[in-house]
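Single-letter residue listing:
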Amino acid sequence: MTTSFAEKRPRTASRAVRRQQLIEATIECIAENGLSGTTMAEVTRRAGLSLGLVSFHFRSKENLLQETLVYLAEEHRSRWVESLEDSALDPAAKLAAVMDAHFHPSTCNHTRIAVWFAFFGEARHRDVYRAKIASFDNERTDTVTRMCEALRDRENVSVPAEDIASNLESLADGLWLSILLYPGWLDRRQAKAQLHSYLRSVFPHAFSAWPGEIETPATPRIGASA
């Protein structure tokens with residue numbers, strides 16, 4: 001049985017800890033009920049806190065949702081930015097590390113992915129949500145493009161670095177969607193292997209020594225259950 005944040009919370013906690021508890025409870029609620037089915041009352045129930053406390057921290061449901069999205073973006077960024085701090089890594093290793101962050105178990109799980117797609121499936125507020133995390137996406141894309149440019153020059157690849165970076169981002173998004181829709185067909189290890197396969201096809205010398213592909217099952221039938 002999954003342990004709720006209400007069961008795990010300490011008796012006393014700082015403001016930052018309470019805020020995180022509320023956001024984590026919001027993530028759980030969105031994953032199960034979607035954005036429209038997420039209420040501040042349900043969030044506080046899951047967190048084991050008072051409704052007044054969530055109002056104190058976030059003032060409204062919309063603010064709570066936006067802060068939850070930023071929290072997820074910061075969580076994801078923290079995974080890939082670590083790789084850039086290691087000066088011993090060459091551009092290929094750094095590029096792989098940045099892309100592999102998409103499939104870290106703390107960010108690539110059914111709950112997190114469901115919440116990401118819940119936000120961007122919300123037509124009324126999609127532009128607002130995109131604007132909230134645009135800086136995160138732009139920073140990562142610029143970083144990936146720089147790594148691709150370095151490898152492109154080294155291997156004399158004709159495809160523009162911007163196109164390779166765009167393909168990588170689109171592939172990662174598509175793999176996330178497949179993990180969400182077909183969890184019995186594709187897991188994060190298999191998804192990462194598929195992304196590595198693409199990297200080897202574009203930069204065969206830089207990635208020739210990387211681990212081989214992990215076999216994936218046949219393409220799932222539409223409507224098949226997990």
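Summary of the structure given here. (Residues numbered from 1 in each chain as written. Predicted model: local features only at pLDDT ≥ 70, side-chain atom pairs only at ≥ 80, totals over all residues. Heavy atoms only, no water.)

## A look at the overall build of the protein chain
Phase 1: Counting its regular elements, the protein chain contains ten helices and zero strands.
Phase 2: Element order for the protein chain, N to C, with α for helix and β for strand: α-α-α-α-α-α-α-α-α-α.
Phase 3: Each of the 226 residues in the protein chain was classed as buried or not, and the buried ones make up 43%.
Phase 4: Sequence-distant contacts, at least 24 apart, represent 67% of the contacts inside the protein chain between residues at least 6 apart.
Phase 5: For the protein chain, the computed accessible surface area is about 11900 Å², with 50% contributed by carbon and sulfur atoms. (Helix = DSSP H or I, 4+ residues; strand = E, 2+ residues; numbered from the N terminus. Buried < 20%, exposed > 50% of the residue type's maximum accessible area, 1.4 Å probe, protein only. Contact = heavy atoms within 4.5 Å. Areas by Shrake-Rupley, 256 points an atom, 1.4 Å probe, with all protein chains shown as cover.)

## Some words on the nonpolar core
Phase 1: With 61 residues, the main nonpolar core has Leu 95, Leu 168 and Phe 203 as its most contacted residues.
Phase 2: The contact partners of Phe 203, leaving out residues within four places of it in the chain, are Leu 95, Cys 148, Leu 151, Arg 152, Glu 155, Val 157 and Ile 164. (Core = buried A, V, L, I, M, F, W, Y, C linked by side-chain atoms within 4.5 Å.)

## A few points about the pattern of salt bridges
Phase 1: The final tally for this structure, using the stated rule, is 14 salt bridges.
Phase 2: A salt bridge links Arg 77 to Glu 139, with the shortest nitrogen-to-oxygen separation between them at 2.7 Å. A residue pair is termed long-range when its members are at least 10 positions apart, and Arg 77 in helix α5 (residues 61-84) and Glu 139 in helix α8 (residues 126-155) qualify at 62 residues.
Phase 3: As a salt-bridge pair, Asp 137 and Arg 130 come within 2.6 Å of each other at their nearest N and O atoms.
Phase 4: One network of salt bridges, in which partners are shared, links Glu 28, Glu 32, Glu 42, Arg 45 and Arg 46. (Salt bridge = Lys/Arg side-chain N within 4 Å of Asp/Glu carboxyl O.)

## Section: unusual backbone geometry
Phase 1: Despite not being glycine, Arg 59 has its phi angle at roughly 70°, a positive value.
Phase 2: Relative to the assigned elements, Arg 59 resides in the loop between α4 (51-58) and α5.
Phase 3: Phi at Asn 156 takes a positive value of approximately 60°, unusual for a residue other than glycine.
Phase 4: When you line up the elements, Asn 156 lands in the loop between α8 and α9 (161-181).
Phase 5: Residue class for Asn 156 comes out exposed when judged on its relative accessible area of 70%.

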